[in-house]
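Structure assessment
Listed below are the residues making up each chain.
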Amino acid sequence: FGSELDGQVAIVTGASSGIGSATAKSLASRGASVVVAARREGELEELAATIEDDGGDALVVPTDVTVDDDIDNLVEATLDEYGRIDILVNNAGLMPLAHIGEADRETLQTTIDVNLTGLITLTHAVVPTMMEQESGHIVNLSSVVGRFLQANSSHYNAAKAGVKMFSDSLRLDVAEAGIHVSSIEPGAVDTELLDHIPDDEVQKNVKDYVGTMDALAPEDIARTITFVVTQPARVDINEVLIRPLDQV
Ligand code: NDP
């Protein structure tokens, strides 16, 4: 175990699978106490047990980022247990791709609620603590599609481009208080994200496309996030675009 993050406290949302789970393990392996948040409590408990078996420290807080009370509870539980928040990884997300003419309204709404509104709401809940500490690091999961176009994805592209713009605007407001803001823009990563695409044909097409590549592993993004949050205080890595070598 490394020790760069000894004594630091990190909240990771969407920690029940994929990139969030790998990131929680990676931050814990560098010494951070990790607060793991998502809706599936069983997966979070398993993750926390793995982290603790490896000598790390984890706290499970079941959270739906679209529910205000859950957001408040996540922050309160973290402060009750540890008294500070050094790192917030806003990773919870979903990608229910669909053609705008065929999507139901709920799909469009949920996409914005989880990927963008939830991220903004949790950031809003955490920033006062970081301002008081005069330090902190907020890492937001945008996507390659925050920059490049993708079919059947107008709602998801809008959410992820929104994450990028939110991050850059937020930095203007909080940098003076010693708070770092970074956005991470992954290309194809091998997780369960695609399994939740509701339309079978759209899901198959995206899986076929991703199948042509040697997709990234969640650990590749976890390593990147860990690199981003272990820089000297004067450094702010504003954004990282990271894609499989063959996703060009
Ligand atoms: P996963 O589907 O494996 O993970 C998504 C996580 O988000 C799960 O832990 C899920 O947990 C959580 N989540 C979903 N809805 C909510 C909610 N309402 N409240 C709290 N947590 C929620 O996918 P990835 O690991 O791939 O995705 C992580 C992030 O990376 C997402 O923001 C995604 O958009 C982004 N990304 C992924 C890429 C990829 O190719 N995989 C590429 C670019 C960006 P639970 O269901 O338990 O709540």
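For the structure itself, look to the data block above.
What counts and what doesn't
Residues numbered from 1 in each chain as written. Predicted model: local features only at pLDDT ≥ 70, side-chain atom pairs only at ≥ 80, totals over all residues. Pairing = 2+ DSSP bridges. Helix = DSSP H or I, 4+ residues; strand = E, 2+ residues; numbered from the N terminus. Axes fitted to C-alpha atoms, helices over the stretch in contact; angles between N-to-C directions. Contact = placed C-beta atoms within 7 Å. Core = buried A, V, L, I, M, F, W, Y, C linked by C-beta atoms within 7 Å. Buried ≥ 20, exposed ≤ 12 C-beta atoms within 10 Å, placed from the backbone. Right-handed = clockwise from strand over helix to strand, strands pointing away. Near = placed C-beta within 6 Å.

**A look at the sheet that holds strand β2 (residues 33–37)**
Strand order in this open sheet of seven strands is β3-β2-β1-β4-β5-β6-β7, and the pairing throughout is parallel. With one partner strand each, in any of the chains shown, β3 (57–60) and β7 (239–242) form the two edges of the open sheet. Pairwise comparison of adjacent strand axes, ignoring direction, gives a mean angle of 15 degrees for this sheet. Where helix α2 (residues 41–53) meets the sheet, it contacts β2 and β3, and its direction lies at approximately 165 degrees from that of β3. Those strands touched by helix α4 (residues 105–133) are β1 (9–13), β4 (87–90), β5 (136–141) and β6 (179–186), and its axis lies near 170 degrees from that of β4.

**Brief notes about the nonpolar core**
A10, A24, V34 and V36 are the most contacted members of the largest nonpolar core, which totals 65 residues. Among the elements that make up this core, the one with the highest residue count is α4 (six residues). Excluding its chain neighbours within four sequence positions, the residues that come into contact with V34 are A10, V12, A24, L27, A28, I51 and A58.

**Section: the pairing of β6**
Within β6, eight of the eight residues are buried, which leaves it mostly tucked inside the rest of the structure. Of the two faces of β6, both are covered, the one formed by I179, V181, S183 and E185 as well as the one formed by H180, S182, I184 and P186. The sheet contact formed by β5 and β6 spans six bridges and is parallel. Its bridge partner being in β6, N140 is matched across the sheet by S183. The parallel pair β5 and β6 is bridged by helix α5 (residues 154–174), and the resulting crossover is right-handed. The pairing of β6 with β7 spans four bridges and is classified as parallel. Within the sheet, the bridge partner assigned to E185 lies in β7 and is L241.

**Thoughts on the pairing of β3**
Only one face of β3 is covered, namely the face carrying A58 and V60; the face carrying D57 and L59 is uncovered. In this sheet, β3 lies alongside β2 in parallel orientation, the contact comprising four bridges. Counted as the bridge partner of V36 is V60 from β3.

**As for the site of the ligand**
What surrounds the ligand is a group of 30 residues, the closest being G14, G18, R39, R40 and G93. Of all elements in the fold, only α1 (18–29) and α4 reach the threshold of two or more residues within the shell around the ligand. Looking at the shell around the ligand element by element, the count peaks at three residues for α1.

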